[in-house]
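Spelled out from the first residue to the last, the chains are:
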Amino acid sequence: MLKTRQIKRLTPESHETLLTILEALPGALFVLDDASTIIYANASAQALTGVAPETLVGNSFWRCAPQLVSTALYQAIQKTKQTRALTEVQYVSPVTGSWLHVHLSPTAGGLTLQFHEMEAPAHRQEIVHQRGSLSMDVLKNMRAGIAFLTPDGIVLDLNEVLLDDAHIRREEVVGNPLVEGPWCSSSPASQAQLRAAIARASMGETVRFETLVHPREGMELSLDVAITPHSDAEHHIEYLVLAGVDITTRKRAEAELHALIDAIPQQVWTMRPDGYIDYSNQRWLDYTGLSTEQAQGDGWIQCLHPDDQQRIGDAWQMSRETGTPFETEQRLRHGTTGAYHWFLARAMPMRDKTGQIIKWFGTCTDIHDKKQAEDEIRVLVDAIPHLVWIKRPDGSAEYANQRWRDYTNMTAEQAQGDGWLHAIHPDDQQRVLEGWQRSVQTGMPYEAELRMRHGTTGEYRWFLVRAMLHKDAQGTPLKWFGTCTDIDDRKRVEHQLKESWENWRVLAETVPQFVWTTQPDGSVEYWSQRWYDYTGSSPEQALGQRWNQFLHPDDDESTLTIWRHALEAGESYEIEYRLKEGQTGEYRWFLTRGMPVRDETGQILKWFGTCTDIEDQKRIETALRQSQERASILMNSNIIGINVIEGEQIVDANDAFLHMTGYTREDLRARHMNWLHMTAPEYLDRTCEAHQELAAQQSLTPYEKEYVCKDGSRLPVLVGGVALEHHPRQAISYVLDNSARKELEQRKDAFISMASHELRNPLAALKLQATLLHRQLARQGLEASAPALSRMQTQINTVTRLVEELLDVSKIQAGRLEYIREAVNLDALLREVADTMQQIKTTHTVVVRGATFCSLVGDKDRLGQVFTNLLSNAIKYSPDARTVEMELSATEDAVTVRVRDHGLGIPQEQRDKIFERFYRAVGPRQPTIPGLGMGLYIVAEIVKGHGGTITVDSAAGKGSTFTVTLPKRRDT
């Protein structure tokens, strides 16, 4: 019977007849509308689906009948809708595993589906075309999760990976929207991400993204998901294929890497080969104010200054296409203030073994202060009343200030290279170019007068061009700095000078110096206005012979003497002196030059001169002189020896160093002082290491050595040094006489050796007497006194051990610690040591793991001393623990023994010192534990004597692990 809605075009008379026929049809029958909603299902449908027809009608076919859903059926339905032709399809139900044969017929408002269960055919081939379809039999064993979806996101089929992760059955998912499945249902963000991806894929786009899913409670996976649309011949989307690869391990590794990157004091980011930003560190996010999601993809572009976006985009495109490193300066907006700061952006590609780029790693370094300083310098340069420019050592243009560009109406790009020549008058170009090339070749200052075209009016004006070559300390040319001073007015004045004094005065007033003229006898008759502005004087105070009142008192006499000599000899006049500034009363240095002007007979008519402010130059000279004086004082100090080395040769030294080593200045000049030859043989390796450190790091950590003096004696010293910045092959060393401290250490070692020997015999006698007393008490039955005697024997043993350690230290210092070389069964020795310690130290359990299965050549007693000490320390420094562990392992060449405790640990800053003599690691909050700090020193020396190494891995409060590695001898 018809369950809810009437099928269109049925008359009431034929209604019951039609329903009777449909109910009698063999197999399950469904009538669907164009939206795939069930409008009729016969009684056989209930037998096939297990759902009453009343429940089916009015609901989506795909969601009500998961046993029937498959990719093949979906394709057949789409084909029937498009072709309006009868269609058949055979397929296996992904839920029940049974074969189904379906007849599809189009209707006016949808289509009918008639299902028949059947035996498996001889050839498992679907009636509908197979283009683009994939067999789930092939995909079920893939490690990736695979699902087939309708363009609306309904699950048609999926492989076992997705079902196993979620612990659900196939029928619980098939026919339902994937976004409502267990993988994303607990995360609205993941649902929205998946829903948007399905929508894009249904429009024909292949979508790839990373997402976080929760297949079941307590399980969280990171997936790399790709959704690929499959189209028919008419390019209609038939279905979607979703593939998800588990990248949880990779994401965790990336998270650890990102945690490390977040500690870097720069903004760090990574980019995929396709240009997609997939990571930005916390500093980048904090600065821009963006979230991680906002910064991904192209989101970072919104932080770029609008004026930089096109340029940065083009540069990035070029780097990605060519695979070359990326570097540019850009402005980024601060997320809080909205202000833009300059950053230097750099990126390098990371490639796989085939050379393919798999990732870009980039940084952004804040250079805002540097850019501001450059802008301030440029503003200052632009404020200078000159046309200023900079050229490269080869003479090509690099920079021109704003005044130059405004005058010539040329852009910075147009002025680059030789473009600046276009602003020069054609008649001057050849002369100017030849003179400029001559200066470039010789490095001599350049000066020329030339005419330059005004970019707006087209008129030419005269300019005085001056340039100086700036070099570094090694004399390497760096830049040409030049100015163009407009002298067009001066040139005109010069042309009319004989006729117009006023024109000359105008010229004098335009130059930046003080200009003056005098009569032949030296009486001043003219000062330019700059003089009056500086001195604050009037013409009455400055003209005639009264100008010298502004001279510094210390310069007055010498200046007037030289000036009178110039007047008498008629020679050019040049001198430096200080003039008082009228407002502040301070004195500034000036360079004054004067030239006589003669008539046709040679008689002096006038003196013309200028005063140029050189105060800044004088200050630089003073600072340089003071620096040299300080360096000289240090070099002449008798407290510390100083020498300058170049290669192996000592090329300079102060008197203190020469006095220490017994050499003379003559030896130094004759190049008889070679640090390699002056180093005692046993210190050569350490000295060469120090010089390698100096070459690599430009400085070296102070170290101890001995110099062989000129007379053959030895001098213990402490040496440090740094490389000279402007002389890469030279370095300066600082040497302190260490002989007094060394002598004191020798006396201390001698005392320890003597005291140990003196104590050894009495202790042996005392130990013997205690043993005899113990036996006597036992014979007399006085066992009650035994505990006290045992405690006495324990203390005697402790003192004896300390004396033995002192003797070992003394022998080590004297190089007399002897070893009995014999075959040692290391496993037996270590278990014997562990058993002994277990009997003595009952508070802890000694756990031994592993075995070495080998013998060593060494001193059995000394090796036993090593591991007894390490186990004793492990117990002593873990008072609150109950176990200490000893792990044994071996490789082809060596054996490794690790002794681990769970106690107090060693602070990081003390770990490098614990193997030093008499050093004890004590934390600020740790309890005091008795000891003299000799045990680990002796242990390290014994291990070293056996050709092995010992290291420690520890942290305060987390216990310590001592690792001993010894060379192995194979049993034969």
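Structure: above.
A short tour of the structure in this document, coming up. What you see is a predicted model; the values in this text were computed from it and never measured.

Let's shift gears to the overall build of the protein. Scanning the protein for helices and strands turns up 30 helices and 37 strands. Within the protein, the fraction of its 972 residues that count as buried is 42%. Sequence separation of at least 24 residues holds for 47% of the intrachain contacts in the protein that already meet a minimum separation of 6.

Contact pair helix α28 (residues 826-840) / helix α29 (residues 860-876): the axes reach a minimum separation of 10 Å and the direction vectors enclose 40°. As far as their axial angle goes, α29 and α28 are oblique. Remark: the crossing between α28 and α29 carries right-handed chirality. Seen from α28, the contacting residues are Leu826, Leu829, Leu830, Glu832, Val833, Ala834 and Met837; seen from α29, they are Lys860, Leu863, Gly864, Phe867, Thr868, Leu871, Ser872 and Ile875.

Inspection of the sheet shows strand β1 (residues 28-33) paired to strand β5 (residues 110-118) by 6 bridges, in the antiparallel sense. Paired with leucine 32 across the two strands is leucine 111, which belongs to β5. Note: strand β4 (residues 99-106) against β5, 8 bridges, orientation antiparallel. Within β5, the position partnered with tryptophan 99 by the bridge is methionine 118.

Turning to helix α25 (residues 684-697), a few remarks are in order. With 14 residues, α25 ought to run about 20 Å at 1.5 Å a step, and its terminal C-alpha atoms sit 20 Å apart, in line with that. Every buried residue belonging to α25 is among Thr687, Ala690, His691, Glu693 and Leu694, and all of these are buried. All buried residues of α25 lie within an arc of 155° about the axis, which places them on one face of the element. Residues of α25 that are exposed and angled more than 90 degrees away from the buried face: Asp685, Gln692, Ala695 and Ala696.

The next point concerns the packing of α29 against helix α30 (residues 935-945). Running from amino to carboxyl end, α29 crosses α30 at an angle of 145°, the nearest separation of the two axes being 9 Å. Considering the relative orientation of α29 and α30, their crossing is left-handed. Residue-level contacts link Arg862, Gln865, Val866, Asn869, Leu870 and Asn873 of α29 to Gly935, Leu936, Ile938, Val939, Ile942 and Val943 of α30. Considered class by class, the residues forming the contact of α29 with α30 number 7 nonpolar, 4 polar and 1 charged.

Before going further, it helps to spend a moment on the sheet that holds strand β22 (residues 524-527). Sheet strands line up and pair through hydrogen bonds in the backbone, either parallel or antiparallel. Ordered in space as β22-β21-β25-β24-β23, the 5 strands form an open sheet in which the pairing is antiparallel. The open sheet has two edge strands, β22 and β23 (573-580), and neither has a second partner. Strand after strand, the sheet turns through a mean of 25° between neighbouring axes, direction not considered. Here helix α21 (residues 553-569) sits on the sheet and contacts β21 (514-518), β23, β24 (587-598) and β25 (604-613); the angle it forms with β23, its principal contact strand, is near 150°.

What follows is about the packing of aromatic side chains. For any pair of aromatic rings, the description consists of the separation of the ring centres together with the inter-plane angle of the planes. Applying the stated criterion across every chain yields a total of 23 aromatic pairs. Seen from their ring centres, phenylalanine 61 and phenylalanine 115 are 6.3 Å apart, and the 25° between their planes marks the pair as stacked. Taken together, the positions of phenylalanine 61 in helix α4 (residues 61-64) and phenylalanine 115 in strand β5 put the pair 54 residues apart, joining distant regions of the chain. Here the aromatic rings of tryptophan 316 and phenylalanine 326 are separated by 4.5 Å at their centres, their planes lie at 10°, and the arrangement is stacked. You can see tryptophan 316 sitting in helix α12 (residues 306-322) and its partner phenylalanine 326 sitting in strand β13 (residues 326-333), a full 10 residues away along the chain. Considered together, tryptophan 316 and phenylalanine 326 belong to a single accessibility category, that of buried residues. Three or more aromatic residues link up through ring pairs in this structure, and these residues are Phe514, Trp527, Trp531, Tyr534, Phe550 and Phe590.

Quick notes on the rules
- Residues numbered from 1 in each chain as written.
- Predicted model: local features only at pLDDT ≥ 70, side-chain atom pairs only at ≥ 80, totals over all residues.
- Heavy atoms only, no water.
- Helix = DSSP H or I, 4+ residues; strand = E, 2+ residues; numbered from the N terminus.
- Buried < 20%, exposed > 50% of the residue type's maximum accessible area, 1.4 Å probe, protein only.
- Contact = heavy atoms within 4.5 Å.
- Axes fitted to C-alpha atoms, helices over the stretch in contact; angles between N-to-C directions.
- Parallel < 35°, antiparallel > 145°, perpendicular 65-115°, else oblique.
- Left-handed = near helix turned anticlockwise from the far one by under 90°.
- Pairing = 2+ DSSP bridges.
- Expected span 1.5 Å × (residues − 1).
- Arc of directions from axis to C-beta.
- Nonpolar A, V, L, I, M, F, W, Y, C, P; charged D, E, K, R; others polar.
- Phe/Tyr/Trp six-rings, centres within 6.5 Å; stacked < 30°, edge-to-face > 60°.

From the geometry alone we can't say anything about function, so treat these as descriptive.
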